[in-house]
Amino acid sequence: MFNALLLLVLCSNNLASANSSSERTVGAWLPIEAHNYQAIQAQLQNTSSWGGLLDVVQLSGCGWVIDESTTAMTLNQTLFQSAHCQSIIQTLQAQNIDVHMWVGAVPNLAVSDPSTFIASTKTLLNKYPFVKGIHFDDEIECAPRATLANFTSWINYLNAYSDALHAVDVQVSVAVQALFGIEDGPYVHNRYGRNCSNVGG
């Protein structure tokens, strides 16, 4: 049985990994901290109850961060080389579970010009080839962008970034909020007490 240490298990017909069938991929978001990694490690190693279920883990808390001022993908080596991150990464590799790095939301500077972000991501991926995917949790304007103009720019960025990473056999995934909140009109910052446009609620 899964507990709260492994969250957001999902299924998709569009992803494939080395140890998945052609029909589905099962993944989980895994937030790692020093106080919980041993319990998570034990859960991952408990193959008698659910061995072989997970194909992908979206790993957060291991130092892959977007620098908002430069739009570069950076690596906090203290976090990345920590015992808790390295222990979990080694466990995932031993279980043949693909590692995708969770990196949060994409700053608007990277959306308008993704070249630095793409180049810096590829540099890190070349250095750490065990990373098979990048995962964004992008809800900056709730939708992930609240207006049609902003959403169009975001989609254009995502296409360019995904094409570049797919060319080196790395997957890209994104968690967003409801797309039906997008409006074709001017952006009104924080109108309803949240970082949304005229969406309400």
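The numbering scheme is per chain: residues are counted from 1 as the chain's sequence reads. pLDDT decides what is reported in this predicted model: residues at 70 or higher carry local features, side-chain atom pairs at 80 or more are listed and counted, and totals for whole chains, interfaces and linings draw on all residues regardless. For the side-chain quantities, the full set of heavy atoms in the structure was used; hydrogens and water were omitted.

(A) Highlighting the overall build of the chain. Along its length, the chain carries seven helices and eight strands. Burial analysis of the chain (201 residues in total) assigns 45% to the buried set. A separation of at least 24 residues holds for 71% of the contacts in the chain among residues at least 6 apart in sequence. In these tables, accessible area is a Shrake-Rupley quantity obtained with a 1.4 Å probe, and a residue counts as shielded only by the protein chains included in the view. Carbon and sulfur atoms make up 53% of the accessible area of the chain, which totals about 9900 Å². Where helices and strands are cited, they refer to DSSP runs of H or I of at least four residues and of E of at least two residues respectively, numbered from the N terminus. In this scheme, a residue with accessible area under 20% of its type's maximum is buried, one over 50% is exposed, and one in between is partly exposed, where area comes from a 1.4 Å probe on protein chains only. Residue contacts are counted whenever heavy atoms from the two residues lie within 4.5 Å of one another.

(B) Quick look at the pairing of strand S7 (residues 131–137). Across the seven residues that make up S7, a large majority, five, are buried. Both strand S6 (residues 98–102) and S7 contribute to a ladder of four bridges, which runs parallel. Following the sheet pairing, His100 is matched in S7 by Gly133. Here S7 runs beside strand S8 (residues 171–175); their pairing, made up of five bridges, is parallel. Among the inter-strand pairings, Phe136 is bridged to a residue of S8, identified as Val174. Here is how to tell: hold the view so the strands point away, follow the path from the first strand over the helix to the second, and if it runs clockwise the crossover is right-handed. Handedness of the crossover is the feature at issue here: the chain leaves S7, passes through helix H7 (residues 148–166), returns alongside S8, and the resulting connection is right-handed. One bridge is not enough; two strands pair if DSSP finds at least two bridges between them.

(C) Representation of the environment of Thr71 within the structure. Within the element layout of this structure, Thr71 appears in the loop between strand S4 (64–66) and strand S5 (73–75). Each C-alpha atom of the pair Thr71 and Ser120 lies 8.9 Å from the other, and the pair is 49 residues apart in sequence.

(D) Region of interest: the nonpolar core. Ranked by internal contacts, the top residues of the largest apolar core, which has 47 residues, are Leu59, Trp64, Ile134, Phe136 and Tyr161. At seven residues, the largest contribution of residues to this core is made by H7. In this view, Phe136 contacts Ile66, Val103, Gly104, Val106, Phe117, Tyr157, Tyr161, Val172, Ser173, Val174 and Ala175; residues no more than four positions away in its chain are not counted. Only buried Ala, Val, Leu, Ile, Met, Phe, Trp, Tyr and Cys residues count toward a nonpolar core, and they belong to the same one when joined by side-chain atoms within 4.5 Å.

(E) The arrangement of H7 in detail. An ideal rise of 1.5 Å per residue puts 27 Å on 19 residues; H7 measures up with 26 Å between its terminal C-alpha atoms. For H7, the elements touching its buried residues are S5, helix H5 (108–112), helix H6 (115–127), S7 and S8. Here, expected helix span is obtained from the residue count minus one, scaled by 1.5 Å.

(F) View of the state of the cysteines. In this description, a disulfide is simply a cysteine sulfur pair whose atoms lie within 2.5 Å. Applying the stated criterion across every chain, the model contains one disulfide. With a sulfur-sulfur separation of 2.1 Å, Cys62 is cross-linked through a disulfide to Cys85. Residues Cys62 and Cys85 are joined through a disulfide that is left-handed, its torsion about the S-S bond being -105°. Of this pair, Cys62 sits in the loop between strand S3 (56–60) and S4 while Cys85 sits in helix H4 (residues 83–94), and the two are 23 residues apart along the sequence. Here Cys62 falls in the buried class, since its relative accessible area comes to 2%.

(G) Region of interest: the packing of aromatic side chains. Two rings from Phe, Tyr or Trp (for Trp, the six-membered ring) form a pair when their centres sit within 6.5 Å of each other. Planes less than 30 degrees apart are called stacked, planes more than 60 degrees apart edge-to-face, and all others tilted. In this structure the tally under the stated criterion is 11 aromatic pairs. Both rings, one in Phe117 and one in Phe136, keep their centres 6.0 Å apart while their planes meet at 55°; by these two values the pair is tilted. Here Phe117 is found in helix H6, whereas its partner Phe136 is found in strand S7, with 19 residues between them in sequence. By relative accessible area, Phe117 is classed as buried at 0%.

(H) Seen up close, unusual backbone geometry. In this model, Thr71 sits at a positive phi of 65°, which is unusual for a non-glycine residue. Assessed through its relative accessible area of 7%, Thr71 is described here as buried. The backbone of Asn96 sits at a positive phi, close to 60°, despite the residue not being glycine.

(I) Broad picture of the confidence of the model for the chain. Chain-level statistics for the chain give a pLDDT mean of 83 and a share of 80% at 70 or above. The pLDDT score gives, residue by residue, the confidence of the prediction method on a 0 to 100 scale. At the low end of the mean pLDDT range in the chain sits strand S1 (residues 7–12), at 45; at the high end sits H6, at 98. Counted against residues more than four places away or in other chains, residues 1–18, with its pLDDT under 50, gives 44 contacts.

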